[in-house]
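Commentary on secondary and tertiary structure
Given next are the chains, with one letter for each unit.
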Amino acid sequence: MRAFFILWFGGVLVACSEREHIVSSPPVDLFDKFTTRIVVPSALLPALPTNIKFFPDTREFLVLGKRGEIRHLVLEDTTARLLGAFIVPEVAPGPEEIGLTGIAFDPQFASNQFFYVCFVTGDNKWCRILRYRWSGNYAEIVRSYVTVLNIDRFFPDEPQHGLYSLCFGPDGNLYVPVGDALQPEYAQDPQSLLGKLLRIRPRHGPDGSYDIPADNPFRDEEKVLPEIAAFGLRTPFRSLCWKDKIYIANVGRNRYEEIEMYTIGGKANFGWPLCEGYCETGGYNRPVITVSHADPFYQTQDPQQSRSNRLSIGVGLVYEQIGDDPYHDLLDGRLLFFDVFQGYVRAAKLRDDGYVEDEQHIFHTEYIMGMDFGQNGYIYVTTMVPPQILRIELK
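Quantities reported herein were computed from a predicted structural model and do not represent experimental measurements.

**With respect to the overall build of the chain**
- Each helix and strand counted, the chain has 3 helices and 26 strands in total.
- Principal-axis analysis of the C-alpha atoms gives the chain an extent of 55 × 55 × 40 Å.
- The 395 residues of the chain split such that 60% are buried.
- Considering only contacts within the chain whose residues lie at least 6 apart along the sequence, 60% involve residues at least 24 apart.
- For the chain, the exposed surface amounts to about 15,200 Å²; the carbon and sulfur share of it is 48%.
- For the chain, the separation between the mean place of its 38 positive charges and that of its 51 negative charges on side chains is 3 Å.

**Description of the packing of aromatic side chains**
- Considering all chains together, one arrives at 28 aromatic pairs under this definition.
- Look at F54 and F61: their rings are 5.0 Å apart centre to centre, the planes differ by 40°, and that puts the pair in the tilted class. No difference in accessibility class separates F54 from F61, as the two residues are buried.
- Ring centres of F218 and F231 lie 5.4 Å apart, and the angle between their planes is 85°; this geometry places the pair in the edge-to-face category. On the criterion of sequence distance, the pair formed by F218 in the loop between strand 13 (210–211) and strand 14 (228–231) and F231 in strand 14 is long-range, its members being 13 residues apart. Comparing F218 with F231, the two get one shared label, buried.
- Over the ring of Y355 we find R286, and its NZ or CZ is 4.1 Å from the ring centre.
- The positively charged end of R346 is found above the aromatic ring belonging to Y298, 4.1 Å away from the centroid.

**Examining the pattern of salt bridges**
- Per the counting criterion, the structure on display carries 13 salt bridges.
- The salt bridge involving R203 is made with D211; its shortest N-O contact spans 2.8 Å.
- Taking the relative accessible area as the measure of exposure, R203 reaches 37% and is therefore partly exposed.

**Details of the sheet that holds strand 23 (residues 356–364)**
- As summarised here, the arrangement of the 4 strands in space is 20-21-22-23, forming an open sheet in which the pairing is antiparallel. Of all strands in the sheet, those bounded by a partner on one side alone are strand 20 (313–319) and strand 23. If you compare each strand with its neighbour and ignore which way they point, the axes differ by 25° on average.
- With 6 bridges connecting them, strand 20 and strand 21 (residues 334–339) associate as antiparallel partners. If you follow L317 over to strand 21, its bridge partner there is L336.

**Considering the confidence of the model for the chain**
- Chain-level pLDDT for the chain is 92 on average; 93% of the residues reach the 70-or-more range.
- Considering only residues more than four positions removed or in separate chains, one finds that residues 1–23, a stretch of pLDDT under 50, has 116 contacts.

**Things to note about the sheet that holds strand 1 (residues 34–40)**
- Spatially, the 4 strands line up as an open sheet ordered 1-26-25-24, and their pairing is antiparallel. For this open sheet the edge positions go to strand 1 and strand 24 (368–373), each flanked by a neighbour on one side alone. Taken pair by pair, the neighbouring strands of this sheet meet at an average axis angle of 30°, ignoring direction.
- Bridging between strand 1 and strand 26 (residues 388–394) involves 6 bridges; their strand directions are antiparallel. Pairing of T35 across the sheet is with E393, part of strand 26.

**Some points on the pairing of strand 11 (residues 174–177)**
- Of the two faces of strand 11, the one lined by L174 and V176 and the one lined by Y175 and P177 are each fully buried.
- In the sheet, strand 10 (residues 167–168) pairs with strand 11 via 2 bridges, with the strands oriented antiparallel. Following the sheet pairing, C167 is matched in strand 11 by Y175.
- Here strand 10 folds back onto strand 11, and the loop between the two strands holds 5 residues, one of which, G172, carries a positive phi near 85°.
- With 4 bridges connecting them, strand 11 and strand 12 (residues 197–202) associate as antiparallel partners. The partner of Y175 across the bridge, within strand 12, is R199.

**Some points on the environment of I389**
- Relative to the helices and strands, I389 resides in strand 26.
- For I389, a relative accessible area of 1% corresponds to the buried category.
- Separated by 23 residues in the primary sequence, I389 and E366 place their C-alpha atoms 13 Å from one another.
- With sequence-adjacent residues up to four places away left out, I389 is seen in contact with R37, I38, V39, V40, L45, I52, V63, Y380, V381 and T382.

**Points about the pairing of strand 25 (residues 379–383)**
- Taken across its 5 residues, strand 25 has 5 buried, putting it largely inside the fold.
- Residues I379, V381 and T383 of strand 25 are buried on one face, and the alternating residues Y380 and T382, pointing to the opposite face, are buried as well.
- Inspection of the sheet shows strand 24 paired to strand 25 by 5 bridges, in the antiparallel sense. Residue pairing across strands places I368 opposite T383, the latter belonging to strand 25.

**Here's the deal with the state of the cysteines**
- All chains considered together, the criterion is met by 2 disulfides.
- Disulfide partner of C167: C241, at an S-S distance of 2.0 Å. Classification of the bridge connecting C167 and C241 rests on its S-S torsion, roughly 70°, and on that basis the disulfide is right-handed. With C167 in strand 10 and C241 in strand 15 (residues 235–242), this pair connects stretches of sequence that are 74 residues apart.

Conventions and cut-offs
- Residues numbered from 1 in each chain as written.
- Predicted model: local features only at pLDDT ≥ 70, side-chain atom pairs only at ≥ 80, totals over all residues.
- Heavy atoms only, no water.
- Helix = DSSP H or I, 4+ residues; strand = E, 2+ residues; numbered from the N terminus.
- Buried < 20%, exposed > 50% of the residue type's maximum accessible area, 1.4 Å probe, protein only.
- Contact = heavy atoms within 4.5 Å.
- Areas by Shrake-Rupley, 256 points an atom, 1.4 Å probe, with all protein chains shown as cover.
- Lys, Arg positive; Asp, Glu negative; His and termini not counted.
- Charge placed at Lys NZ, Arg CZ, Asp CG, Glu CD.
- Phe/Tyr/Trp six-rings, centres within 6.5 Å; stacked < 30°, edge-to-face > 60°.
- Lys NZ or Arg CZ within 6 Å of the ring centre and 35° of its normal.
- Salt bridge = Lys/Arg side-chain N within 4 Å of Asp/Glu carboxyl O.
- Pairing = 2+ DSSP bridges.
- Axes fitted to C-alpha atoms, helices over the stretch in contact; angles between N-to-C directions.
- pLDDT = per-residue confidence, 0-100.
- Disulfide = S-S within 2.5 Å.

Have a look at this one:
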């Protein structure tokens, strides 16, 4: 990662893929079948929007702004209405890559109204997770926050390689991928939380904090911090919890972009900084997706090729619509992933083992920062440049 907005996750790069795909059935052609519609213009959004998250089972959603503002909106067919806003403390000014970027609702949100946000503090010293209680009264929401987790970044040279996302697994635990704070040695250090995937159980009491799940994979190893579930992350931009898998978009240095896969309950090591891409030795976990900086395969499949030489991979969601499907089953069971700078958005069919087959280009939009499902079955994405919320639609 290099500069953030102008810009977020840089590097100097070009893209493509080393793949071991086993296609079990003839692929469905997805090319030129999708488009996007603007549903929320920049005037309704916070400055530099970084993520979107719908409340469970409603048309209401939150949009995060890089400098700490959260805006509350509601969908109204193909438009949206602003309901209110509040500020997360100690985020501003959000220089370069860091800022407010991650949000997750508690699995018991219907009863406890808790939601969680993550960011690197504006002074670049801490990776932080806060818990809030939703009430609809923004002043009460602001007063409700407690700290769940603080991770010392040990004074990195630049505001990069931070904490950008978090998600709850089906086991009720919170999965937290943390960057190496521009200090690669920490990614393999068992006494540091930097460069790791963490697995914790947030406490629901008034003081915040968290517990260590009893079945954490390294809990009984004296030389390893018990929060750790996996080693070897560099810049985990986006993550996704799906069934018993955690998918992590791990932005590379100058060789590969990767999407890692962690299986709940196991131990894992994704290799950084000892190796990137598919590692022939060392017993490191194989990425689900690998994009080589030396091979422009993905760009050449995109008819709207970006002129940028940066790459920053992101993972969006796995599409599983129950009921009316606005995409006519074309995306069902597919993992959507994208590149912030290159602008390609692709869909890959997930196999039973969590790996992928039949990756296809589906549309082009640059500066995508996050994706989420709407209650209506549509996928919504937030872009930073220009600031907007788009709805993915069939042509």
